[in-house]
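Each chain, letter by letter, is given below.
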2 protein chains.
Amino acid sequence: MSTSATNDREEGLAFQPKFDASGLLTCVATDAASGDVLMVAHMNAEALARTIETGEAWYYSRSRRALWRKGESSGHVQRVLELRIDCDQDAVWIKVEQAGAGACHTGRRSCFYRAVPLGRAPDASLTLGFVEAERAFDPAKVYRKTD
Amino acid sequence: MSTSATNDREEGLAFQPKFDASGLLTCVATDAASGDVLMVAHMNAEALARTIETGEAWYYSRSRRALWRKGESSGHVQRVLELRIDCDQDAVWIKVEQAGAGACHTGRRSCFYRAVPLGRAPDASLTLGFVEAERAFDPAKVYRKTD
């Protein structure tokens with residue numbers, strides 16, 4: 001890309017989302033109240049457009065290869081209070097009000113429920129520590145069986 | 001992947017980072033003080049290992065195809081206070097103390113300095129709004145010329 005195109009994308013006010021080779025960009029959802037990162041997921045052009053239009057988070061599931069309205073199965077929808085785009089327009093950050101008990105399919109509030117200890121090189125003995133071990137909801141009850 | 005392997009990765013305490021086909025995972029860096037998302041970048045296995053060992057953020061630059069110690073050129077290093085990994089271990093969240101005036105190469109504190117207005121379908125007339133227009137530092141002065 002030319003320098004002027006890069007400068008325009010970074011300094012201009014034109015919306016020029018940059019999707020990767022798979023047609024996706026990265027989305028970080030944070031809890032508007034606590035500031036915690038709830039999840040990192042992906043959006044294709046349609047998910048991004050629907051999120052902007054509806055003010056509710058839509059994603060694209062790479063594993064299911066399908067557009068995905070967050071909370072469609074669980075009821076744990078995310079109301080988007082603010083959507084920001086980064087310098088090179090290949091990532092967005094949404095601040096959300098998380099409905100229900102949590103964002104993670106495992107039943108936790110956040111997908112980031114384990115911490116990695118710092119200060120020495122990771123090896124086979126490295127053990128994660130739970131930050132949020134208890135489930136906020138029972139995923140077996142919340143998610144309907146789908147194929 | 002088998003269900004038991006998935007369950008182990010999600011519920012176990014073994015560190016099993018899942019790198020993509022390019023050998024990368026996604027890293028979200030937030031400001032430990034403000035909670036703001038500063039940047040979204042990528043780590044390869046070596047960047048992740050160095051971050052864990054040193055407690056300073058290392059990334060992998062896809063454009064430069066090189067390991068990258070954050071702040072190497074600018075002095076704007078990131079001290080990592082906490083590193084968390086997500087449910088399927090393909091993304092990490094670091095809470096950092098950002099040295100210097102900011103994290104973004106454009107001179108802002110955060111890469112997410114523009115917001116997308118919500119409530120109607122994005123079209124050619126959609127215009128971003130600056131959340132943080134002013135530069136916190138002058139990138140021309142901070143970054144040495146490199147090839």
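Residues numbered from 1 in each chain as written. Chains lettered and ligands numbered in written order. Predicted model: local features only at pLDDT ≥ 70, side-chain atom pairs only at ≥ 80, totals over all residues. Heavy atoms only, no water.

Draft legend 1. Representation of the overall build of chain A in the model. Counting secondary structure elements, chain A contains 3 helices and 8 strands. Along the chain direction, N to C, the helices and strands of chain A fall in the order α-β-β-α-β-β-β-β-β-β-α. A principal-axis box enclosing the C-alpha atoms of chain A has dimensions of 50 × 40 × 30 Å. Per-residue burial for chain A yields a buried fraction of 46% across its 147 residues. Partitioning the contacts of chain A with sequence separation of at least 6, the portion at a separation of at least 24 is 43%. Only carbon and sulfur atoms are counted for the fraction: they give 48% of the accessible area of chain A, which is about 6,900 Å². (Helix = DSSP H or I, 4+ residues; strand = E, 2+ residues; numbered from the N terminus. Buried < 20%, exposed > 50% of the residue type's maximum accessible area, 1.4 Å probe, protein only. Contact = heavy atoms within 4.5 Å. Areas by Shrake-Rupley, 256 points an atom, 1.4 Å probe, with all protein chains shown as cover.)

Draft legend 2. Representation of the relation of the copies chain B and chain A. The transform that puts chain B on chain A rotates by 180 degrees and translates by 0.0 Å along the axis, for an RMSD of 0.0 Å. Taken together, the rotation angle and the small translation identify this as a two-fold axis. Residues of chain B ranked by C-alpha distance from the rotation axis are headed by G35 of chain B, positioned 2.7 Å from it. Counting the interface residues of chain B, we find that 100% of their copies in chain A are interface residues as well, pointing to one common contact surface. (Least-squares fit on C-alpha atoms with pLDDT ≥ 70 in both.)

Draft legend 3. View of the interface of chain B and chain A. Listed by partner, the interface residues are 55 residues for chain B and 55 residues for chain A. It is L13, F112 and R114 of chain B in chain B that bury the most area against chain A; as a group they hold 15% of the surface buried on that side. The residue R135 of chain A makes a salt bridge to E11 of chain B at a minimum N-O spacing of 3.0 Å. Counting across the interface, chain B meets chain A through 32 residue pairs in polar contact (both at pLDDT 80 or more). (Buried area = accessible area lost by both parts, 1.4 Å probe. Salt bridge = Lys/Arg side-chain N within 4 Å of Asp/Glu carboxyl O. Polar contact = N/O pair within 3.5 Å; in protein donor to acceptor, adjacent residues only side chain to side chain.)

Draft legend 4. Expanded view of the state of the cysteines. Under the definition given, this model contains 0 disulfides over all chains. Cysteine C111 of chain A shares no disulfide, and the gap to the nearest cysteine sulfur, in C104 of chain A, comes to 3.7 Å. (Disulfide = S-S within 2.5 Å.)

Draft legend 5. Region of interest: the sheet that holds strand β7 (residues 114-115) of chain B. With respect to topology, 6 strands assemble into an open sheet ordered β2(A)-β1(A)-β6(A)-β5(A)-β7(B)-β8(B), the strand pairing being mixed. Of all strands in the sheet, those with a lone pairing partner are β2 (37-43) of chain A together with β8 (129-130) of chain B, marking the two edges. The pairing of strand β5 (residues 78-85) of chain A with β7 of chain B spans 2 bridges and is antiparallel. Across the sheet, the residue bridging to I85 of chain A is R114 of chain B, located in β7 of chain B. (Pairing = 2+ DSSP bridges.)

Draft legend 6. Fine view of the sheet that holds strand β2 (residues 37-43) of chain B. The sheet built from 6 strands is open, its strands ordered β8(A)-β7(A)-β5(B)-β6(B)-β1(B)-β2(B) with mixed pairing. What marks the edges here is a single partner per strand, and that holds for β8 (129-130) of chain A together with β2 of chain B.

Draft legend 7. Seen up close, the packing of aromatic side chains. Within the structure shown, the criterion is met by 6 aromatic pairs over all chains. Ring centres of F112 of chain A and W93 of chain B lie 6.0 Å apart, and the angle between their planes is 85 degrees; on these two criteria the pair is classed as edge-to-face. Here F112 of chain A, found in the loop between β6 (91-98) and β7 (114-115), pairs with W93 of chain B, found in strand β6 (residues 91-98), and the two come from separate chains. For F112 of chain A, a relative accessible area of 0% translates into the label buried. Given a relative accessible area of 2%, W93 of chain B falls into the buried group. Sitting over the face of the ring of Y113 of chain B, R108 of chain B holds its NZ or CZ atom 4.1 Å from the ring centroid. (Phe/Tyr/Trp six-rings, centres within 6.5 Å; stacked < 30°, edge-to-face > 60°. Lys NZ or Arg CZ within 6 Å of the ring centre and 35° of its normal.)

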